[in-house]
Amino acid sequence: MKNVPCALTIAGTDPSGGAGIQADLKTFQELQTYGMSVITSVVAQNTTGVTSVHHMPINMIEDQLEAILEDMPIHAFKTGMIANKQMMEIISKKIEKLNAPYVMDPVMVATSGDSLIDKEARSFLRESLLPQTALVTPNIPEAEFITGNSIETVEDMKDAAKHIVDHFHADAALIKGGHMEGEAIDFLYDGSKIHTFSAERINTKNTHGTGCTYSAAITSYLAKGYSIVEAVRHSKDFVTVAISKSFELGNGNGPTNHWATRER
Ligand SMILES: Nc1ncnc2c1ncn2[C@@H]1O[C@H](COP(=O)(O)OP(=O)(O)OP(=O)(O)O)[C@@H](O)[C@H]1O
Ligand SMILES: Cc1ncc(CO)c(N)n1
């Protein structure tokens, strides 16, 4: 079979399978996209938290990227956890060669509250990687860090989306309202207009990896050639169903159900 949509994730791992590379590959597969992965860090974690982290040497990140670049088509890619500036520098250099839409999930802290990237990396992400993105998908705390403004209302969310595009030069920004009260509402600013995506809030603690799953779904749809707005619309549906049928597994925040849309 030729002309398969191909998507790449550059991120850390989750051996318990709900977040990181594992969530991304499950999502790519569900959405019939050929999935590839470059591992930045191996993270010992589960639904309750992170116990330890082993960072890949920089040359291993570079070699993984080169192995794919030399041989495979890439129609869209995403980044998740990139723990330090040195990793970001090498990824930033390769982005031009990847030559495909870039979705950044600006991962900083796990659902459990554990920090996943260092302070210097947060600044580098904002100053150097953000301008290279087709779309960035911060949750509220991440959007607060990027803009330097606190976000308490839906108006603040919309302002943050505009601020990130206008001042940090992402092509588009999607601010996710998972951490707000009430409706699960997200706002996308694409440089010309605010688009709203909302869903009923599901009463569950099982939201481990929702952000990874959402951005991976968007990456899949972009690989298939959808516009940003349509990719987000379909992905919002995908993540909402995945949360609504999430698994009561583990002792902490359980994982989402990546195959849930199959059963509708
Ligand atoms: N309880 C819920 N019910 C319905 N939708 C939700 C719920 N929690 C989060 N969402 C939605 O899930 C998506 C991911 O948002 P969220 O803000 O949770 O991301 P995140 O914090 O980056 O995720 P992660 O937990 O992986 O770090 C958004 O579309 C958000 O609106
Ligand atoms: C590797 C990794 N990336 C992202 C998250 C955020 O959910 C996580 N828990 N682990």
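Looking at an unreviewed UniProt entry, the chain carries the name Hydroxymethylpyrimidine/phosphomethylpyrimidine kinase, with the source organism given as Oceanobacillus iheyensis.

Visitor: What should I look at first to understand helix α4 (residues 119-129) in this one?
Guide: Think of an α-helix as 3.6 residues a turn; residues three or four steps apart then line up on the same face. Within α4, burial applies to Ala 121, Arg 122, Phe 124, Leu 125, Arg 126 and Leu 129. Structurally, α4 contributes buried residues whose contacts are with α3 (85-98), β6 (102-104), α5 (140-147) and α6 (154-168). The opening residue of α4 is Asp 118, an N-cap whose side-chain oxygen sits 3.3 Å from the backbone nitrogen of Glu 120.

Visitor: Help me out: how do you make sense of the site of ligand 2 in this one?
Guide: Every residue near ligand 2 is listed here: Gly 12, Thr 13, Ala 19, Gly 20, Gln 45, Met 81, Val 107, Ala 110, Thr 111, Leu 116, His 208 and Cys 212. Within the side chain of Gln 45, an N or O atom sits 2.9 Å from a nitrogen atom of ligand 2. Compared with its free state, where it exposes 290 Å², ligand 2 has 94% of that area covered by protein. Of the residues contributing to the shell around ligand 2, the split by class is six nonpolar, six polar and no charged.

Visitor: Which parts of the structure should I look at to understand the site of ligand 1?
Guide: In the vicinity of ligand 1 there are 18 residues, among which Thr 111, Lys 176, His 179, Asp 186 and Ile 202 approach most closely. Residue Asp 186 places a side-chain N or O atom 2.6 Å away from an oxygen atom belonging to ligand 1. Here a nitrogen atom of ligand 1 sits 2.8 Å away from a polar atom, N or O, in the main chain of Ile 202. Surface burial for ligand 1 is 94%, taken as the share of its 630 Å² of free accessible area covered by protein chains. Counting only elements with at least two residues in the shell around ligand 1, the list comes to β9 (184-189), α7 (210-223) and α8 (228-244). Among the elements that line the shell around ligand 1, the one with the most residues is α7, at four residues. Among the residues making up the shell around ligand 1, the classes are represented as five nonpolar, eight polar and five charged.

Visitor: Before we go on, may I ask you to explain the packing of α7 against α8 in this structure?
Guide: Packed helices, taken two at a time, are described by the angle between their axes plus the distance between the axes. In contact at an axis separation of 8 Å, α7 and α8 are set at 140 degrees when each is read in the N-to-C sense. Classified by the angle between their axes, α7 and α8 sit oblique to one another. Remark: the crossing between α7 and α8 carries right-handed chirality. Judged by residue contacts, Thr 210, Thr 213, Tyr 214, Ala 217, Ile 218, Tyr 221 and Leu 222 of α7 engage Ile 228, Ala 231, Val 232, His 234, Ser 235, Lys 236, Phe 238, Val 239 and Ile 243 from α8. Residues of the contact of α7 with α8, tallied by class, amount to eleven nonpolar, four polar and one charged.

Calculation notes
Residues numbered from 1 in each chain as written. Chains lettered and ligands numbered in written order. Predicted model: local features only at pLDDT ≥ 70, side-chain atom pairs only at ≥ 80, totals over all residues. Heavy atoms only, no water. Buried < 20%, exposed > 50% of the residue type's maximum accessible area, 1.4 Å probe, protein only. Helix = DSSP H or I, 4+ residues; strand = E, 2+ residues; numbered from the N terminus. Contact = heavy atoms within 4.5 Å. Polar contact = N/O pair within 3.5 Å; in protein donor to acceptor, adjacent residues only side chain to side chain. Near = heavy atom within 4 Å. Areas by Shrake-Rupley, 256 points an atom, 1.4 Å probe, with all protein chains shown as cover. Nonpolar A, V, L, I, M, F, W, Y, C, P; charged D, E, K, R; others polar. Axes fitted to C-alpha atoms, helices over the stretch in contact; angles between N-to-C directions. Parallel < 35°, antiparallel > 145°, perpendicular 65-115°, else oblique. Left-handed = near helix turned anticlockwise from the far one by under 90°.

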